[in-house]
Amino acid sequence: MPLIRMMRVTDHMKLREQSTNGLVASVSLLARPPSLCDWFLVTSQNTISARNLTLTYDPDKNPVEVLRGIDLDIATGEIVALLGPSGSGKSSLMAVLSGLERSTSGDLHVAGQNFTNMDEDELAQARRGNIGIVLQAFHLLPTMTALENVATPMELAGDADAASKAEAELRAVGLGHRLDHYPTQLSGGEQQRVAIARAIAPGPDLIFADEPTGNLDVSTGHDIIDLLFKRRQQTGATLLVITHDAELAERCDRVITIGDGLIAKDSKAA
Ligand SMILES: Nc1ncnc2c1ncn2[C@@H]1O[C@H](COP(=O)(O)OP(=O)(O)OP(=O)(O)O)[C@@H](O)[C@H]1O
Ligand SMILES: [Mg+2]
């Protein structure tokens, strides 16, 4: 999504709601109340806005306090690397920010939606089409072809053009000749490219990638990162990538390091 969005503002309430939830930075001001037909240029500043986020796994029986009060704003279009030692909570934070996991407490707004009190079904609905997720272990469905793996989530979301969008995205990641191949017939790098196509094809505002090169050799890993960055540049999506790779982190606009359930370092704040 572009940095600047055209929004139709229908009344004062809507305008104020969007301004106060931290998702809209500036709204062109009129000397009079907006009419139904006014069009406003709105700068959407933060795609992610988190306040005092906590996550405790299994709070009743065997509590594991993983996130202990995360405050984080990520601007629309930003490319952010998330670093930190193993077990520091990177994947857990990504799971919460992407709506895969509910936080234990705190406030969270993502891609224009208030995640704070959503239940699992509402989070699944909120993710659909807005958030693309690429995991380390690809997570392709083995009984589906590359094309079906990319198209099916869009079909389930009711997209009538799912098949043609999936094919176009697979061609964009260089897999036009592998549309009907099953995951077992693809190399690791090709499987990860299918996973990237699946995340990007619906045109999400936000892409999360959890160590997307972790299962690949160095050279294939570089190709995958080049591809991810290229597709991200073409779509303008916000990208948050978890990595242990300092070279990859250097290519990002911003590097956030997590430690002991808190943000230990943020290159933007430095
Ligand atoms: N479902 C769960 N139940 C209980 N504890 C969990 C669960 N998932 C993760 N943890 C614990 O939470 C902590 C953070 O895990 P997380 O996977 O977020 O770390 P990470 O920073 O992504 O590590 P890595 O770099 O190894 O992937 C770990 O101590 C882990 O054991
Ligand atoms: Mg992890």
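Structural notes, computed from the coordinates. Here the structure is a predicted model, which is why all the values come from computation and not from measurement.

## What to know about the nonpolar core
Inference 1: Ranked by internal contacts, the top residues of the largest apolar core, which has 64 residues, are Leu82, Val150, Ile196 and Ile207.
Inference 2: The element best represented in this core is helix H6 (residues 188–200), accounting for 6 residues.
Inference 3: Setting aside chain neighbours within four positions, we find isoleucine 196 in contact with Val134, Val173, Leu227, Leu228 and Arg231.

## Some words on H6
Inference 1: Its 13 residues place the ends of H6 18 Å apart at the C-alpha level, agreeing with the 18 Å of an ideal helix rising 1.5 Å per residue.
Inference 2: In terms of burial, H6 is largely enclosed, as 11 of its 13 residues are buried.
Inference 3: Among the residues making up H6, those that are buried are Glu190, Gln191, Gln192, Arg193, Val194, Ala195, Ile196, Ala197, Arg198, Ala199 and Ile200.
Inference 4: Turning to H6, the residues buried within the fold contact strand S9 (131–134), helix H4 (146–156), helix H5 (162–172), strand S10 (206–210) and helix H7 (218–235).

## Some details on the sheet that holds S9
Inference 1: The strand order across the open sheet built from 6 strands is S9-S10-S11-S6-S12-S13, with neighbouring strands paired in mixed fashion. Each edge of the open sheet is held by one strand with a lone partner, namely S9 and strand S13 (262–266). Averaged over all pairs of adjacent strands, the angle between their axes in this sheet comes to 20°, without regard to strand direction.
Inference 2: Set on the sheet, helix H2 (residues 90–97) makes contact with strand S6 (79–83), S10, strand S11 (238–242) and strand S12 (254–259); between it and S11 the angle comes to about 155°.
Inference 3: Helix-sheet contacts for H6 involve S9 and S10, and the interaxial angle to S9 is about 170°.

What counts, and where the lines are drawn
- Residues numbered from 1 in each chain as written.
- Chains lettered and ligands numbered in written order.
- Predicted model: local features only at pLDDT ≥ 70, side-chain atom pairs only at ≥ 80, totals over all residues.
- Core = buried A, V, L, I, M, F, W, Y, C linked by C-beta atoms within 7 Å.
- Buried ≥ 20, exposed ≤ 12 C-beta atoms within 10 Å, placed from the backbone.
- Helix = DSSP H or I, 4+ residues; strand = E, 2+ residues; numbered from the N terminus.
- Contact = placed C-beta atoms within 7 Å.
- Expected span 1.5 Å × (residues − 1).
- Pairing = 2+ DSSP bridges.
- Axes fitted to C-alpha atoms, helices over the stretch in contact; angles between N-to-C directions.

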